[in-house]
Amino acid sequence: MDGEGGQAGAAVLVMGAYKMYSAPNIVLRGLNMTVPQGCIYGLLGPSGCGKTTLLSCIVGRQRLDAGEIYVKARSKKNIGYMPQDLALYREFSIEETLVFYGNLFGKTRAEINKRTQELIKLLELPEAHNTLDTLSGGQQRRVSFCVALLHNPQLLILDEPTVGVDPVLSHNIWQHLVQLATKEHKTIVITTHYIEEARQANVIGLMREGVLLAEESPLSLMRTHNCDNLEQAFLYLSQKQSTIQTTEELQALEYYPTTRNKTSSPLDDKMEIKLCRVKAHLIKTVYWMKRNVPIMMFLMMLPVVQCVLFNLCIGQDPKGLYIAVVNEETPQGLKECDSMGLSGCHINSHLSCRYLHKLRDKTINLIEFDTLEEGVEAVRKNDAWGLMHFTHNYTNTLMERVNFTRDASNLSIDLSEVNIWMDMSNQYIGNLLRRDLLFGFISFLTEVFEDCGWPKAAAGIPINFKDAVYGSNNPSFVHFTTPAIVNLFEFYLPMMFTVGAILMEKMQGLLERSLVAGTTLVELLVTHVLVQLIVLAIQTLLMMIVCFVIFDNPMVGSITLICILLLLIGMSGMCYGFMVAVFCDSDTSATFMGLGSFFPLSMLSGMVWPMEGMHYVLKSIGWLLPLTLSTEAFRGISARAWGLSHPAVYRGFISCLGWIVYFMLITVLIVKWRKGLGSK
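Thresholds applied
- Residues numbered from 1 in each chain as written.
- Predicted model: local features only at pLDDT ≥ 70, side-chain atom pairs only at ≥ 80, totals over all residues.
- Heavy atoms only, no water.
- Helix = DSSP H or I, 4+ residues; strand = E, 2+ residues; numbered from the N terminus.
- Polar contact = N/O pair within 3.5 Å; in protein donor to acceptor, adjacent residues only side chain to side chain.
- Contact = heavy atoms within 4.5 Å.
- Pairing = 2+ DSSP bridges.
- Axes fitted to C-alpha atoms, helices over the stretch in contact; angles between N-to-C directions.
- Patch = residues over 30% accessible without salt bridge, like charges linked within 9 Å, V, L, I, M, F, W, Y side chains within 5 Å.
- Areas by Shrake-Rupley, 256 points an atom, 1.4 Å probe, with all protein chains shown as cover.
- Salt bridge = Lys/Arg side-chain N within 4 Å of Asp/Glu carboxyl O.
- Lys, Arg positive; Asp, Glu negative; His and termini not counted.
- Charge placed at Lys NZ, Arg CZ, Asp CG, Glu CD.
- Disulfide = S-S within 2.5 Å.
- Buried < 20%, exposed > 50% of the residue type's maximum accessible area, 1.4 Å probe, protein only.
- Phe/Tyr/Trp six-rings, centres within 6.5 Å; stacked < 30°, edge-to-face > 60°.
- Parallel < 35°, antiparallel > 145°, perpendicular 65-115°, else oblique.
- Nonpolar A, V, L, I, M, F, W, Y, C, P; charged D, E, K, R; others polar.
- 1 Å grid on protein atoms, 1.4 Å probe; cavity = no way out; pocket = protein on both sides within 12 Å on 5 of 7 lines; lining within 4 Å.
- Points joined across faces, edges and corners; volume = space filled by probe spheres on them.
- pLDDT = per-residue confidence, 0-100.
- Expected span 1.5 Å × (residues − 1).

Would you mind showing me how to read the side chain of T131 here?
Residue placement: T131 occurs in the loop between α3 (109-122) and α4 (137-149). At 2.7 Å, the side chain of T131 and the side chain of D133 are in polar contact. Among all residues touching T131, those that are not within four sequence positions of it are R90, E91, F92, S93 and R291.

Structural data, given as structure tokens:
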């Protein structure tokens, strides 16, 4: 409703207000309310009658389903709001609290300091350096009252300002409110549980079950209903309301409009940015970090610890693996091998010893057994990962196989083989041992050929792996996973920080109070992005140093391109955090949503296993996830030195930008659907 349509002299005018959260929970039922300019309006009623919802609609934090609201104070900076909850940062000092809100209201530091001293004296508060968590409940409420009075607004909306305050101070507060109304023509809407206290108000609105039972001056109200006090008048009106609940009047009251209100509130958030409010939130963040140094240290060191643990635990070849050995060629056991020549052309000595020595060089531990049954039983008991068996004339038959090749007898071919039984329940360890046993044999036989003056190339497999086009001929699994892990941390750390920061403010009412003070969604996003970029830059630098300097993972491409990619990944994680924070109303639901997305992202994005190894259905889904294409781009830059012109690289950048836009679009839609950040 515009100003011209409002009732002359009204500071706040509510007409036909309806509000319902969910059927049949109707909070406001066609409520009408008139707050004259320059008066104290006492809004009284039991808990759950709709007082807080009504105030929230007046200050623009919620919208009516039907009806209209006129507020003469056209800007939020002309409203002082004190919510029912404390809604202040308990770790801040009184001074820091007032500096934050003073900056939100565009005040200079000198104005804030002067006003702080006046309010501390008026409300009998401790020194300004005291933190809120050291104050009593009543003192904390008075600091909250200070915030509402700080910028000397035209309209004060106070929800229970005298709760927990001693009678003398309560009297002083009311005296100050009376002076504000009479001398400075301020308008004050105040709720209180102390009904008789409201006698000092100019107008009283008695509210019950979503409607106003009466709206008169205290004396007129008592005189009209022939009561000695306000409590008797309220009781009389409540009983009267109850007696008409089966009449047509109640039926008209229960009517709920089918056409919802489409008009905007004059106090709706504007899509604007004011430097004073951005500065206020930046200062607030500095205060918070200063008061929470352990948490900030944890946030900075968390990626470092994660990267160190990852590089130490993942991708390193297992060492000290046990292999059972039954060597019939050495009747006295493996101790015979100690007296054998392990170099030179000793083809008549036990070559099995030379082969076993080569395996020891690969840090494989050998356990000797006399019979095959004992060796197999050791594998079954998990005492060894495999069993090797050498026949009694292994050396002779091996030389016959080498010398005669096609003419070697079938018996010699069989006896020259090393029989191996493996425990393949662990694929990685099983394949690693098979690799070491195979290449150990080739290495041992090549040395024998070289010592005997034979062409050593003939001892190997006729396949020659040249230098790798990309990477190393002996790659480590950690080289494959490091880009993925860095991307995962880069995405989830900003997400966690964003969700934690916004949900904390949302659940404690801090966000709501900032929005009532004039902060816009755009300003919140800009401020959070600025802070997060600084934190993210430090975290990224530390991760890059750990992964690519200390642990020397391959980085052959452009560092600049990598940093830009990581910045975009961090931005997409931050935007995902915004989406989760506005959608969820509790830490529990946000945790479930975060964990629920973590595992699909890590499993389906080609992070822990190549995409080519997935089921074709999952593979088609995996390419659509936020980190899949960006991880491939990271690998292409770091391991192959590909530039932005390569499809695998620019697809990763496009994917990041697309997900940023998608997350922000969903966030805006959720905010519009829920009609705000702090309420459904």
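Looking at this model, I keep getting lost on the sheet that holds strand β10 (residues 321-327). Mind explaining?
Sheet strands pair by backbone hydrogen bonding; their relative direction is either parallel or antiparallel. If you trace the four strands from one edge of the open sheet to the other, you get β11-β10-β12-β13, paired in mixed fashion. Looking at strand neighbours, the two that pair on one side only are β11 (364-368) and β13 (419-422), the edges of this open sheet. Taking each pair of neighbouring strands and ignoring which way they run, the sheet shows an average axis angle of 25 degrees. As defined by bridge partners, strand β12 (residues 386-390) adjoins β13 across four bridges and the pair is classed as antiparallel. Opposite M388, over in β13, you have I420 as the bridge partner.

Where do I start with a negative patch on the surface in this structure?
Taken together, the side chains of E368, D370, E373 and E374 make up a negatively charged region of the molecular surface. One can find E374 in helix α12 (residues 372-380).

Can you walk me through the state of the cysteines in this structure?
Where two cysteines share a covalent bond between their sulfur atoms, that bond is called a disulfide. Enumeration over the complete set of coordinates arrives at two disulfides. Between the sulfur of C337 and that of C353 lies a disulfide, 1.9 Å long from S to S. Around the S-S axis, the bridge from C337 to C353 shows a dihedral of about -65 degrees and counts as left-handed. Pair noted here: C337 is in the loop between β10 and α11 (351-361) and C353 is in helix α11, with a separation of 16 residues, a long-range link. Each member of the pair C337 and C353 is classed as buried. The residue that forms a disulfide with C345 is C452, at a sulfur-sulfur distance of 1.8 Å. Between C345 and C452, the disulfide has an S-S torsion of 100 degrees and is therefore right-handed. Note that C345 is positioned in the loop between β10 and α11 and C452 in the loop between α15 (427-451) and α16 (477-507), a separation of 107 residues in sequence. By sequence order of its bonded cysteines, the protein chain has the disulfide arrangement 1-3, 2-4. Counting only cysteine sulfurs, C49 is the nearest neighbor of C57, a cysteine outside any disulfide, at a range of 13 Å. For C57, a relative accessible area of 1% translates into the label buried. Just so you know, C563 is unpaired, no disulfide at all, and the nearest cysteine sulfur is the one on C547, 13 Å from it.

Is there a simple way to explain the packing of aromatic side chains in this structure?
The geometry of an aromatic ring pair comes down to the distance between the two centres and the angle between the two planes. A full pass over the atoms with the stated rule returns 21 aromatic pairs. Here the aromatic rings of F390 and Y394 are separated by 5.2 Å at their centres, their planes lie at 80 degrees, and the arrangement is edge-to-face. Taken as a pair, F390 and Y394 share a single burial class, namely buried. The rings of F491, Y492, Y576, F598, F599, W659, Y662 and F663 are connected pair by pair, giving a single aromatic cluster.

Sorry, what's going on with the packing of helix α9 (residues 275-291) against helix α10 (residues 293-313) here?
Between two packed helices, what matters for the description is the angle formed by their axes and the separation of those axes. Relative to each other, α9 and α10 sit at 95 degrees, their axes nearing to 5 Å. One finds that α9 runs roughly perpendicular with respect to α10. Here α9 contributes W288, M289, K290 and R291 to the contact with α10, which in turn contributes V293, I295 and M296. Looking at the contact of α9 with α10 residue by residue, the class counts come to five nonpolar, no polar and two charged.

Just checking my understanding: could you explain empty space enclosed by the protein for this structure?
Empty space among the atoms becomes apparent when a probe as large as a water molecule is rolled across them. In total, this model carries two cavities of 30 Å³ or more according to the counting rule given. Roughly 70 Å³ of internal volume is contained in the second largest cavity. Lining of the second largest cavity is provided by I79, G80, Y81, Y101, F105, V147, A148, H151, R513, V516 and A517. Contributing elements (two or more residues each) for the lining of the second largest cavity: β5 (79-82), α4 and α17 (510-516).

I keep staring at the confidence of the model for the protein chain and nothing clicks. Help me out?
A low pLDDT score tells you not to read the predicted coordinates there in detail. For the protein chain, the average pLDDT comes to 87, and 93% of its residues sit at 70 or higher. When the criterion is pLDDT under 50, residues 1-6 qualifies, and its contacts beyond four places in sequence or with other chains add up to eleven contacts.

Explain helix α5 (residues 167-183) to me, please; I cannot follow it from the model alone.
A turn of α-helix holds 3.6 residues, and therefore any two residues three or four places apart point the same way. Taking 1.5 Å per residue as the helical rise, α5 with its 17 residues ought to reach 24 Å, and the 24 Å between its terminal C-alpha atoms agrees with that figure. In the core, the buried residues of α5 are packed alongside β3 (40-44), α3, α4, β6 (155-159) and β7 (187-191). Of the residues one or two after α5, H185 is the one with positive phi, at around 60 degrees.

I'm lost on helix α18 (residues 521-550) in this one. Help?
A rise of 1.5 Å per residue sets the reference length of α18, with its 30 residues, at 44 Å; its end C-alpha atoms lie 41 Å apart and thus fit the reference within 8%. Within two residues after α18, D552 carries a phi angle of roughly 55 degrees, on the positive side.

So what exactly am I meant to see when it comes to the pairing of β5 here?
Every regular strand shows the same layout, with side chains that alternate between the two sheet faces. Covered by surrounding structure in β5 are I79 and Y81 together with G80 and M82, the residues of both alternating faces. Of the pairings in the sheet, the one linking β5 to β6 comprises four bridges and is parallel in character. Looking across to β6, one finds that I79 is bridged to L155.

So what exactly am I meant to see when it comes to the pairing of strand β1 (residues 10-22) here?
When β1 meets strand β2 (residues 25-36), the two strands line up antiparallel, connected through nine bridges. Pairing of K19 across the sheet is with L28, part of β2. Pairing of β1 with strand β4 (residues 66-71), which is carried by five bridges, proceeds in the antiparallel orientation. Paired with M15 across the strands is E68, a residue of β4.

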